[in-house]
Structure formats: C-alpha cells, structure tokens
Amino acid sequence: MNVTVRFLRPFARLMVPFTPHGKKRNLYSTTLQRYMSSKVPSLPCHKDSTSPSKQLELDGWKTTMKSSIQEDGVSSVVSDKDEGVLAATREMIEMRRLLGKEVPEHITEEQLKIISECPSKSAQRKYLKYLFTKEKMKKADQAKKEKKVEAREEAKKARLVETTTDEKQQDFMFLRLWDRQMNFVMGWKGVQAMQFGQPLVFDMDYENYMKPFEIRNAVSQLLESEGWNRRDIDPFHIYFCNLKIDSAYHRELVKRYGGKWDKLLLTATEKSPVDLFPKDNIIYLTADSPNIMTTFKHDKIYIIGSFVDKNIQTGTSLAKAKRQHIATERLPLDKYLQWDLGSKNLTLDQVFRILLCMKNTGSWEEALKFVPKRKHIGYLEISQHSKEIFSKQKTTTSSFPKGSLNARTRKR
C-alpha cells in the first residue's frame, strides 16, 4: 500500500504526526524543524528601520543645509545694505559737485568706502576737500610737465629752422665735447687756485649755535658758493676751517657731495684760521663790525662765518674775532644802498659772490647787484675811485703766510 505524503510549509508541523511510521516520528520532526528554521526568511523590524550612524549623517546634512541657507540670507542682506550706503554716498558726492563744492572728479571704490565709513558729515567734507586738493596739485604738476615738454620741442624746432645742415653737425660736435671740455677747464682752474689763488676761509665753528635745519641751510649755501667759485675766471682757494670729522657740518657735507667730497679742489681742515695764517693778514667779515669795508684787499685773507641764524644772534662772530685779536670789517651796505623794509642780513653765497665780483672788477656797483632787490630801493652813492684803487692794488704783490702751499709754489 502506497501512502503519499505532501508537505506544506505552513502546516508541516501539523501533518508530521500522520506519518505511517510511528517509530521514526521524532527523527522526522526534528529534521524538518531544523530545515524549516534554516529556510524561513526573517521578517524586517519596522520599529528600527535605519541604523544610528545613518540617522546622524542625515541630521548633520540637514543642519549644514539650514546654516548655509541662513548665511546666504545674511550675506545677501549685508551686501544689499553696503550697496545702499555706497549708492547714497555717490548721490551725496554728485549733489556736492552740482552745487559747486570742492569734490574730486575721479573717486575710486576704496575712497568711496572710506567716505561712507566717516563718523560725521564734517569728516566727509574734510576728506573730500583733501582728495580735491590732491587731485588739483597732481593736475598742476602734469600741466607743468606738459608745458616743459612743449617748450623743449618748440626750442628744438626753432633751432632746426635757424641752422643749416652744416651748422647742425657743428652744434652736434660741440654738444658732445661740452661737458668734458668744461670739466677739464674748471678742474684746471681749481688746481691753479689751490696753488696760486687768494685764500678765502669759511669758519665752521658755529654748529653749536644752530639748529639742524639751520645747518642744512648753511650747507646748501656753501654748495652754492663752491659752485660759483668753480665756474669763475679767477677762483678763490677755499678753506673749510674748524671742520671736525663726524660733526654735523661734516656729515651733511659728505651726504650732499657723496663720492665727490674727496675730489673737491678745496682745503678742509680741523685747524683754526689763526693756526694757518698770520693774524695781521686776516680780516673777519661780520655784520656787527664797526669798521666799514672800503675796498677789496688782494693781500688779505677774508673769513666768512658759516653761521645761519634765523633768530639773529647778534655779536657772536664779532666776539669770537675779538677774542682771537683779528681785524673785522663789514660790507658797506648802508653807504651804497637805500634800504627799504628788508633786513641787512645776507646769505653765505650772496656774500661770497660780492667778494668774488669785487676781486675781479673792484666795483661796488657791480658787486652789490647780488643783494636781493626786494631788500632795497636803489643805490645811494657809488665811489668814483673804486676802480682806480682796484687797479693799484692789483699790481701789488700778495703776501702769504710762511710755510703755506702758496708761498712754496711761488718760490719754485
């Protein structure tokens, strides 16, 4: 007898008891139970559908998205606010320009931002005025440069029109040789002056009486004097006496001349003029002297005090000359010039040019032309015999101190 048994999964455990072999019941049931437990799939749990790590990632993504949206909104609000402030500032500037106020024509974005950040309207007006003045000065400088360029081009055109082709070549050669030849001639004259020229001393012993800016002014005037002496027909032999190394005067001179300081055709020394020349041959020029200079003496050594005092410290150089028992003189400004409201103090280069002109011409009329015209109205009296006295003194031999460079070269 054949018995057919059909197993159904949902009802497997119910049908097992009906198997024909009762002895093998436990074995079949155990085997079937193991098989069904291994094959039946586990149903998903609906309560914990996602893992904790995935939940944390999702929450972080949501938080990041929300913060980015908030930042975009805040930045857009801030940028709109800044643009509104800048636009209002532009309108204010345009209104001031229409009203004819002092407003610059061109304003950069950075300057516009600075204006908008000013704490008050008065600060804005002051900054706009500063920009307007700066722009105006820049335009004036540019106009000056353009005028110079135009004048230079016009001069070139005029020169080309007036000269022929041959003359152009001659001018070209002359310009090529001009600097070299002139430097050679001036250097030769400087060497001759150091050997045979009349000494003229600048006394540098006054830096303790001057402020730093006064020392700078004095050095500028000394540079002018040295330049005029170098270009003159018959230059002086210039001495810088009482010039201490590494003093304020020395540092300023080295700074101005640079590498040319050691090549200058003059004598710089720490010694006093009394140590170099006999006192009988020295005349100290000071505006406080009671003695008026009548003529230029070619056998004397004139000393000019390198003293620039804005507060006019009277009697300083005169007291020094008296302590050293040196003769003093002053220029005859009151005798020949009708003074107006200007002061009678002259700069170092003006005094030097007066002495240089008197040395070459002997005429006070010519020499006093170097006094600024703003200080006087005109001449009072001109000496008729000044040129005759000059010619007589020019023929006399000059006396120089024993052992000096000039005396040695003349003996040779």
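Conventions and cut-offs
Residues numbered from 1 in each chain as written. Predicted model: local features only at pLDDT ≥ 70, side-chain atom pairs only at ≥ 80, totals over all residues. Heavy atoms only, no water. Buried < 20%, exposed > 50% of the residue type's maximum accessible area, 1.4 Å probe, protein only. Helix = DSSP H or I, 4+ residues; strand = E, 2+ residues; numbered from the N terminus. Pairing = 2+ DSSP bridges. pLDDT = per-residue confidence, 0-100. Contact = heavy atoms within 4.5 Å. Patch = residues over 30% accessible without salt bridge, like charges linked within 9 Å, V, L, I, M, F, W, Y side chains within 5 Å. Areas by Shrake-Rupley, 256 points an atom, 1.4 Å probe, with all protein chains shown as cover. Salt bridge = Lys/Arg side-chain N within 4 Å of Asp/Glu carboxyl O. Lys, Arg positive; Asp, Glu negative; His and termini not counted. Charge placed at Lys NZ, Arg CZ, Asp CG, Glu CD. Axes fitted to C-alpha atoms, helices over the stretch in contact; angles between N-to-C directions. Parallel < 35°, antiparallel > 145°, perpendicular 65-115°, else oblique. Left-handed = near helix turned anticlockwise from the far one by under 90°. Nonpolar A, V, L, I, M, F, W, Y, C, P; charged D, E, K, R; others polar.

Draft legend 1. Expanded view of the pairing of strand S4 (residues 282-285). Neither face of S4 is left uncovered, since the one carrying Ile282 and Tyr284 and the one carrying Ile283 and Leu285 both have all their residues buried. Where S4 lies against strand S5 (residues 301-305), 4 bridges are found, and the strand directions are parallel. Each residue of the ladder has a partner; that of tyrosine 284, found in S5, is isoleucine 303. Direction of pairing for S4 relative to strand S6 (residues 327-329): parallel, over a ladder of 3 bridges. Looking at the pairing, isoleucine 283 lines up with alanine 327 of S6.

Draft legend 2. Quick look at the confidence of the model for the protein. Per-residue pLDDT for the protein averages 76, and the proportion of residues at 70 or more is 66%. Confidence drops under a pLDDT of 50 for residues 171-175, and excluding neighbours within four residues, the segment shows 1 contact in the predicted structure. With pLDDT under 50 throughout, residues 397-412 is counted as low confidence; its partners more than four residues away or in other chains account for 29 contacts.

Draft legend 3. Summary view of a positive patch on the surface. Together, Lys144, Lys145, Lys147, Lys148, Arg152, Lys156 and Arg159 make up a positively charged patch on the protein surface. Looking at where lysine 148 falls in the secondary structure, it is placed in helix H5 (residues 121-162).

Draft legend 4. Main features of the packing of helix H7 (residues 212-231) against helix H8 (residues 248-257). Between H7 and H8, the least distance of the axes is 10 Å, while the angle of their chain directions is 55°. One finds that H7 runs oblique with respect to H8. For the crossing formed where H7 meets H8, the hand is right-handed. In this structure, H7 contributes Ile215, Arg216, Ala218, Val219, Ser220, Leu222, Leu223 and Glu226 to the contact, and H8 contributes Ala248, Tyr249, Glu252, Leu253, Arg256 and Tyr257. Broken down by class, the residue content of the contact of H7 with H8 amounts to 9 nonpolar, 1 polar and 4 charged.

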